[in-house]
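Listed below, chain by chain, are the residues.
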Amino acid sequence: AQTVTQSQPEMSVQEAETVTLSCTYDTSESDYYLFWYKQPPSRQMILVIRQEAYKQQNATENRFSVNFQKAAKSFSLKISDSQLGDAAMYFCAYRSAGEYGNKLVFGAGTILRVKS
Amino acid sequence: DAMVIQNPRYQVTQFGKPVTLSCSQTLNHNVMYWYQQKSSQAPKLLFHYYDKDFNNEADTPDNFQSRRPNTSFCFLDIRSPGLGDAAMYLCATSTGTSGRMGNEQFFGPGTRLTVL
């Protein structure tokens, strides 16, 4: 079974600075997807960024980018120019690309606090 | 805007009293998921529907049931809520369950269940 580990329960960043959230995963599959989801307090979870395992190029979405290291099974999220609105719980998630890849496996989450 | 709607946002029930949580979607997605998220933990998949096909996770307690009368609506029934069932319940949708597209899941805002 796949597992996702987020080793940082909580992180803080100064507004306008850069922060990196860590995620590692364990799988025997070669084809899969990785996601970062953001869950603000009392608000719904939204997708921040997605990475396909078969793509070597790291995904980017505006201020958000990932460092995907397939051999090391590492998938970190970098947030540049941090804003107060980035404060949230961030979940790393794994999904198999196979026929029965319907399930998202989540990490325990990292609380990101942004200081003004 | 197309979206995933959950009602109510907050639900209080008594120990052992059946409760139903509601989810509706305007995305016309084939798949609807129910997750349980306990405080500061990762969401845990309970079950999902692919159209009318119900798929239960192996470790989902029998106390939890679901109904999907049509494409737009899905209900979570907790037959005899215990104190340990107090949690946030998240509904999510996706276009499919597998394949190359990645099938992003769209989440609703959640229903926070309190059991007295």
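Above this note sits the structure.
Just so it is clear, the structure is predicted and the values come from calculations on it, not from any experiment.

Counting its regular elements, chain A contains 0 helices and 12 strands. Mapped from its N terminus to its C terminus, chain A presents α and β elements in the order β-β-β-β-β-β-β-β-β-β-β-β. In terms of C-alpha radius of gyration, chain A reaches 14 Å, essentially the compact-globule figure of 13 Å for 116 residues. Judged by the C-alpha coordinates and their principal axes, chain A covers about 45 × 30 × 20 Å.

With the rule as written, the count across this model stands at 5 salt bridges over all chains. Ionic pairing is found between A:Arg63 and A:Asp86, a salt bridge with its closest N-O pair at 2.8 Å. Taken together, the positions of A:Arg63 in the loop between β7 (60-61) and β8 (64-69) and A:Asp86 in the loop between β9 (74-79) and β10 (88-96) put the pair 23 residues apart, joining distant regions of the chain. The salt bridge partner of B:Arg67 is B:Asp77, with a shortest N-O separation of 2.7 Å. A residue pair is termed long-range when its members are at least 10 positions apart, and B:Arg67 in strand β7 (residues 64-67) and B:Asp77 in strand β8 (residues 73-78) qualify at 10 residues. B:Arg67 sits in the partly exposed class, given a relative accessible area of 40%.

For the rest of this paragraph, the subject is the state of the cysteines. Each disulfide is one covalent bond, formed between the sulfur atoms of two cysteines. Residues and elements named next belong to chain A. For the coordinates displayed, the defined rule picks out 2 disulfides over all chains. Linked covalently through their sulfurs, Cys 23 and Cys 92 form a disulfide whose S-S length is 2.0 Å. Because the sign of the S-S torsion sets the handedness, a value of about -70° for the bond joining Cys 23 and Cys 92 places this disulfide among the left-handed ones. On the criterion of sequence distance, the pair formed by Cys 23 in the loop between β3 (19-21) and β4 (24-26) and Cys 92 in strand β10 is long-range, its members being 69 residues apart. This pair shows no difference in class: Cys 23 is buried, exactly as Cys 92 is.

We now examine the layout of surface pockets. Of the volumes computed, that of the largest pocket is approximately 490 Å³. Along its surface, the largest pocket is lined by 25 residues, and A:Gln39, A:Pro40, A:Pro41, A:Ser42 and B:Arg112 are the ones closest to its centre. Within the residue set of the lining of the largest pocket, elements represented by two or more residues are β10 and β12 (110-115) of chain A together with β9 (87-94) of chain B. Looking at the lining of the largest pocket, its residues break down into 13 nonpolar, 7 polar and 5 charged.

Take the nonpolar core next. Side chains that are nonpolar tend, in soluble globular proteins, to be buried together. Core analysis: the biggest nonpolar cluster contains 26 residues, and A:Tyr25, A:Trp36, A:Phe75, A:Leu77, A:Tyr90 and A:Leu112 have the highest contact counts within it. With 4 residues, the top contributor of residues to this core is β10(A). Leaving out residues up to four positions away in the same chain, A:Tyr90 has contacts with A:Gln6, A:Leu21, A:Trp36, A:Tyr37, A:Lys38, A:Val48, A:Phe64, A:Leu77, A:Ile79, A:Gly109, A:Thr110 and A:Leu112. With 19 residues, the next largest nonpolar core counts A:Phe91, A:Leu104, A:Phe106 and B:Leu45 among its residues.

Calculation rules
- Residues numbered from 1 in each chain as written.
- Chains lettered and ligands numbered in written order.
- Predicted model: local features only at pLDDT ≥ 70, side-chain atom pairs only at ≥ 80, totals over all residues.
- Heavy atoms only, no water.
- Helix = DSSP H or I, 4+ residues; strand = E, 2+ residues; numbered from the N terminus.
- Rg over C-alpha atoms; globule rule 2.2 N^0.38 Å.
- Salt bridge = Lys/Arg side-chain N within 4 Å of Asp/Glu carboxyl O.
- Buried < 20%, exposed > 50% of the residue type's maximum accessible area, 1.4 Å probe, protein only.
- Disulfide = S-S within 2.5 Å.
- 1 Å grid on protein atoms, 1.4 Å probe; cavity = no way out; pocket = protein on both sides within 12 Å on 5 of 7 lines; lining within 4 Å.
- Points joined across faces, edges and corners; volume = space filled by probe spheres on them.
- Nonpolar A, V, L, I, M, F, W, Y, C, P; charged D, E, K, R; others polar.
- Core = buried A, V, L, I, M, F, W, Y, C linked by side-chain atoms within 4.5 Å.
- Contact = heavy atoms within 4.5 Å.

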